[in-house]
Amino acid sequence: MDDNAPCHRSVLVDDFLETKNIQRMLWPANSPDLNPIELVWDMLGRQIAALSHPPSSVTELKRALQEAWNRLSPQLIHHLIASMVNRCAACLAVRGDHTPY
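Residues numbered from 1 in each chain as written. Predicted model: local features only at pLDDT ≥ 70, side-chain atom pairs only at ≥ 80, totals over all residues. Heavy atoms only, no water.

Going by the annotation in an unreviewed UniProt entry, the name recorded for the protein chain is Transposable element Tc3 transposase, with Caerostris darwini given as the source organism.

Visitor: Just to check I follow, could you spell out the nonpolar core for this structure?
Guide: Within soluble globular proteins, side chains that are nonpolar tend to cluster in buried spots. Core analysis: the biggest nonpolar cluster contains seven residues, these being Val-40, Leu-44, Ile-48, Ala-64, Ala-68, Leu-72 and Leu-80. If one sorts the elements of this core by residue count, helix H2 (residues 36-49) sits on top with three residues. Once you skip the residues sitting within four places of it in the chain, Leu-72 turns out to touch Val-40, Met-43, Leu-44, Gln-47 and Ile-77. (Core = buried A, V, L, I, M, F, W, Y, C linked by side-chain atoms within 4.5 Å. Buried < 20%, exposed > 50% of the residue type's maximum accessible area, 1.4 Å probe, protein only. Helix = DSSP H or I, 4+ residues; strand = E, 2+ residues; numbered from the N terminus. Contact = heavy atoms within 4.5 Å.)

Visitor: Mind showing me how you'd approach the side chain of Arg-87 here?
Guide: Within the secondary structure layout, Arg-87 lies in helix H5 (residues 84-93). Overall, Arg-87 belongs to the buried group, its relative accessible area being 7%. At 2.8 Å, the side chain of Arg-87 forms a polar contact with the side chain of Ser-83. (Polar contact = N/O pair within 3.5 Å; in protein donor to acceptor, adjacent residues only side chain to side chain.)

Visitor: Is there a simple way to think about the pattern of salt bridges in this case?
Guide: In a structure, side chains of opposite charge can pair up when their charged atoms sit close to one another. The tally for this structure, following the rule as stated, stands at three salt bridges. Close ionic contact of Asp-14 with Arg-24 constitutes a salt bridge, the shortest N to O distance being 2.7 Å. Highlighted residues: Asp-14 in helix H1 (residues 11-19) and Arg-24 in the loop between H1 and H2, separated in sequence by 10 residues. For Asp-14, a relative accessible area of 28% translates into the label partly exposed. We classify Arg-24 as partly exposed; its relative accessible area is 26%. With a closest N to O distance of 2.8 Å, Asp-42 and Arg-46 form a salt bridge. Of the two residues, Asp-42 and Arg-46 are both situated in helix H2; the distance of four residues between them amounts to about one turn of the helix. Given a relative accessible area of 58%, Arg-46 falls into the exposed group. (Salt bridge = Lys/Arg side-chain N within 4 Å of Asp/Glu carboxyl O.)

Dropping the structure here:
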């Protein structure tokens, strides 16, 4: 699965998928509605942005991201995964247009 964005594709991957007879799913390009990791990145980004002292180095950013990751609840991740059926149905219903998610 990929989001069909040209910048995320390569001839090497296309060739590999073709040799293995793997078909890509039809997927709206750049759709955060159907990509739970984008939602997780957003949550992490919001936690970092809310810090009173933002990270000033790569090392501090790495530590802050690890701490933010550790604060995410397993229930939240489970909810995102469980919501995929509804997210996909909503996307299909609007033919890939904006959804309420």
